[in-house]
Amino acid sequence: MIQVENVSKSFRVAKRNAGLKEAVKSLWYRKYEVVQALDRISFLIPEGEMVGYIGPNGAGKSSTIKILSGILTPEEGLVSINGRIPWKQRKEHVREIGVVFGQRTQLWWDVPVIDSFCLLKDIYAVPNIEFNNNLEELTALLHLEEILRTPARQLSLGQRMRCEIAASLLHSPKILFLDEPTIGLDAVSKLAVRDFILKLNEAKKTTVLLTTHDMQDIEALAKRIILIGKGRILLDGSLSELKEQFPNRESLDEMIASLYRRYQI
Amino acid sequence: MQKYISLLRMKFIAGIQYRAAAFAGILTQYAWGGMEILIYRCFYLENQTDFPMQMQALSNYVWLQQGLLALFMAWILENDIFEMITHGNVAYELCRPCDLYNMWIFRNMGVRLSRAALRCLPVFVVAALLPAPYGLKLPPTPGSAGLFLLSAILGFLNAVAFSMLIYVSTFYTFSIQGTRAFCLAVVDLLSGKVIPIPFLPDGIRQIVELLPFASMQNAPLRIYGGDIAGPQAAQAILLQCFWLAAMILAGRILLRKALSRIVVQGG
Amino acid sequence: MKLYLKYLKIHVQSMMEHKASFFLTMAAQVMTTITAFLGISCLFLRFHSVQGFSYQEVLLGYSVILFSFSLAEMFARGFDAFGSILSNGQFDRILLRPRNDIFQVLATKVEFTRIGKLLQAFVMMLYVIFTSDISWTPCKAAIVVLMIFGGAALFSGLFLVYAALCFFTTQGLEFLNIFTDGGRELGKYPMGIYGKAVLRFFTFLVPLAMIQYYPLLYLTGRDSRTILGLCPLTGFVFLIPCHALWKFGVRHFVSTGS
């Protein structure tokens with residue numbers, strides 16, 4: 001279970017105007033602006049639920065994921081995941097979660113994928129039997145047989161993403177955070193990834209928190225969505241209820257766009 | 001011409017934004033200059049008769065070298081350009097109505113000037129306050145000052161023209177990083193970065209002084225302190241002109257050849 | 001330790017993917033230190049000795065420093081390149097793993113290209129051993145080994161400080177090279193020749209003289225106190241405050257995330 005209560009977080013950003021004069025001036029003096037990345041957000045995700053976490057760029061999605069995975073400490077608020085505070089009991093906590101960053105890779109670039117997997121096995125101290133079972137299952141479900149022996153740098157984006165997802169699940173985490181897992185993928189790879197996540201959730205009751213800009217991801221995977229904008233939770237409800245509010249809208253994208261307009265984000 | 005100047009200006013503005021890097025650079029230059037002088041002082045105190053320069057001339061050499069590092073070193077290069085070449089994005093640059101050689105050489109000049117502008121004054125001021133013969137002193141005569149200025153400009157251009165050769169060679173070599181680093185290490189030795197050229201053994205020294213590498217920093221830094229003067233200075237400056245022309249010509253020809261090959265291959 | 005060996009295996013595999021560039025990079029590395037060596041040799045062709053230290057004695061000090069610096073660069077490269085590890089999000093990934101953070105940073109990079117420099121340091125050392133007037137005993141040999149590892153620990157500690165400061169600012173940290181590269185630069189010669197102030201700095205602040213100068217005095221018979229041979233242990237002690245700074249940095253990172 002993921003419990004988030006009144007969590008806030010802010011950052012400092014430097015500003016400068018254009019031109020030579022301004023450039024010279026900023027040698028001595030720089031202006032900073034405080035950006036409120038998260039402003040008292042709260043939500044609760046019970047075990048086994050799949051939730052879509054959406055919002056425009058810079059809304060605070062990644063900060064939330066970082067806080068939930070123990071990389072970032074919030075200024076205020078409480079987070080409890082399966083009874084642990086992520087940033088206080090980091091090592092115990094991360095053993096139980098899997099994280100996929102769509103824009104970054106965790107595979108070692110120059111070695112075959114399977115070697116990266118074996119190293120992860122040792123890092124997480126996964127017992128042999130469990131590792132072999134997981135590997136077999138993931139290989140079958142994500143169709144990895146052909147690519148396990150290829151160095152990561154030679155994989156296509158879709159192949160790599162399938163490997164990334166497998167890499168995050170080798171230690172059988174109970175919770176999976178997916179940060180834009182389908183970004184840049186072709187239609188076939190997208191469907192394969194979605195299909196896999198659905199099966200995973202069904203079979204293992206893995207809790208999934210998914211951020212994405214692809215509304216079809218949401219439609220396929222999440223019954224519940226949380227909308228965040230300018231660091232605040234604007235909406236938290238089921239997708240079907242939301243659809244009823246917009247009976248005339250034809251596509252999900254249009255619906256989300258009008259939601260963004262409604263909240264001026 | 002205007003377009004190249006504004007390219008230089010843009011790079012200059014971008015360059016002076018890195019004030020933290022400049023601050024760190026200044027500190028490094030103080031420390032490095034101080035260390036060099038400490039080392040040579042030991043040898044100077046050991047045996048003054050075998051010391052091939054005046055101690056004051058050596059101190060001037062070291063402090064000018066530190067302050068103007070960005071102008072004279074061969075290894076001030078832009079990674080953007082290497083990436084552009086290795087990833088085949090040069091084709092985009094060719095779409096612009098500019099001469100590629102000029103574009104890159106002005107970029108490089110902008111980068112170097114911005115770094116030198118931020119660093120030279122603080123280094124010179126502090127070095128000037130050090131007691132003789134370990135600090136930086138004004139050139140002995142107005143004449144040597146004028147010659148230094150001329151030679152420094154030529155040295156700067158020589159360094160830029162040489163870095164153009166390094167960029168262009170990227171089209172022809174594989175494993176760029178390794179080869180480049182290897183060459184630059186050799187250049188450091190031959191240009192008088194590792195030890196000033198007068199400290200090289202006789203016989204080797206005379207040859208090294210004729211190479212283009214000596215035209216980058218060796219000539220201006222030694223003219224400043226009067227270590228090279230009179231007809232020798234004139235000769236050094238002529239040599240600088242010769243190498244500058246030769247390197248620009250070589251760079252242009254090699255670049256044209258490389259580009260024609262790319263166009264044939266279609267990128 | 002077993003896990004570190006696994007990491008090493010991965011690094012060797014990666015390296016083998018780029019053999020040609022590996023050897024060229026190694027050659028380039030060696031070239032930079034060879035030029036430094038040539039510089040020293042040129043000066044000694046001219047001056048023959050510096051403050052009473054002979055060519056061989058100077059080379060012994062330099063080879064120790066080069067040896068330990070290259071060892072530190074090879075195995076503690078993860079800290080040296082920590083800025084990029086931080087900016088490309090690799091450190092986030094490290095925090096996502098149930099293992100010690102320092103260990104994982106160490107394991108991110110192993111720079112095998114430094115083998116060339118190690119080899120060069122080794123050759124210089126052999127040359128000194130066979131040509132110098134030092135009468136070697138097992139005890140003196142052990143001191144040289146201690147100097148090398150103490151120095152490696154000291155330089156690793158400096159890299160660790162650099163990495164720890166990366167948590168607070170990513171810019172301008174090049175100035176720390178004053179201590180690492182600068183230490184290596186001054187370490188070309190016995191560190192006592194530069195005068196009292198410099199020696200004091202490298203005794204109490206960055207204890208490089210403890211690794212190189214004081215044991216060298218004993219090895220070359222300038223000072224007969226055997227205790228000087230134990231000075232290099234300071235290198236390991238130096239790691240303690242460095243580690244504390246790192247811990248502090250991690251705590252800061254987790255609370256700001258910048």
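These numbers were taken from a predicted model, which means no experiment stands behind them.

**Student:** Which residues make up the sheet that holds strand β2 (residues 31-45) of chain A, and what are the values?
**Tutor:** Residues and elements named next belong to chain A. The strand order β2-β1-β4 describes an open sheet built from three strands, whose pairing is antiparallel. At either end of the open sheet lies a strand with only one pairing partner, and these are β2 and β4 (76-81). On average, each strand axis in the sheet is inclined to that of its neighbour by 30°, with strand direction left out of account. Relative to β2, strand β1 (residues 2-15) runs antiparallel, the two being bridged by 11 bridges. Directly across from Q3, in β2, lies its bridge partner L44.

**Student:** Break down the pairing of strand β6 (residues 175-179) of chain A for me, citing the residues and quoting the values.
**Tutor:** Residue and element names in this part refer to chain A. Counting buried residues in β6 gives five out of five residues, a clear majority hidden from the surface. Alignment of β6 against strand β7 (residues 207-211), held across five bridges, turns out to be parallel. The residue bridging L178 from the neighbouring strand is L210, located in β7. Taking the sense of rotation as the criterion, the β-α-β connection linking β6, helix α7 (residues 187-204) and β7 turns out right-handed.

**Student:** Would you mind going over the packing of aromatic side chains in detail, with residue names and values included?
**Tutor:** Counted according to the given criterion, the structure contains 35 aromatic pairs over all chains. Connected via pairs of aromatic rings, a cluster forms that spans B:Y40, B:F43, B:Y44, B:F51, B:F199, C:F44, C:F47, C:Y55, C:Y127 and C:Y189. Positioned above the aromatic ring of A:F101 is the side chain of A:R104, whose terminal nitrogen or guanidinium carbon lies 5.3 Å from the ring centre. A cation sits over an aromatic face here: C:K140 above C:Y218, 5.8 Å from the ring centre.

**Student:** So what's going on with unusual backbone geometry? Residues and values would help.
**Tutor:** The bulk of non-glycine residues show a negative phi, and the bulk of peptide bonds are trans. Residue B:A132 is joined to B:P133 through a cis peptide bond whose omega torsion reads 0°. Its location among the elements puts B:P133 in the loop between α7 (100-129) and α8 (142-169). Unusually for a residue other than glycine, A:R40 sits at a positive phi of about 45°. Its place among the elements puts A:R40 in strand β2. A:R40 gets classed as exposed once you look at its relative accessible area, which sits at 52%.

Rules and cut-offs
- Residues numbered from 1 in each chain as written.
- Chains lettered and ligands numbered in written order.
- Predicted model: local features only at pLDDT ≥ 70, side-chain atom pairs only at ≥ 80, totals over all residues.
- Heavy atoms only, no water.
- Pairing = 2+ DSSP bridges.
- Helix = DSSP H or I, 4+ residues; strand = E, 2+ residues; numbered from the N terminus.
- Axes fitted to C-alpha atoms, helices over the stretch in contact; angles between N-to-C directions.
- Buried < 20%, exposed > 50% of the residue type's maximum accessible area, 1.4 Å probe, protein only.
- Right-handed = clockwise from strand over helix to strand, strands pointing away.
- Phe/Tyr/Trp six-rings, centres within 6.5 Å; stacked < 30°, edge-to-face > 60°.
- Lys NZ or Arg CZ within 6 Å of the ring centre and 35° of its normal.

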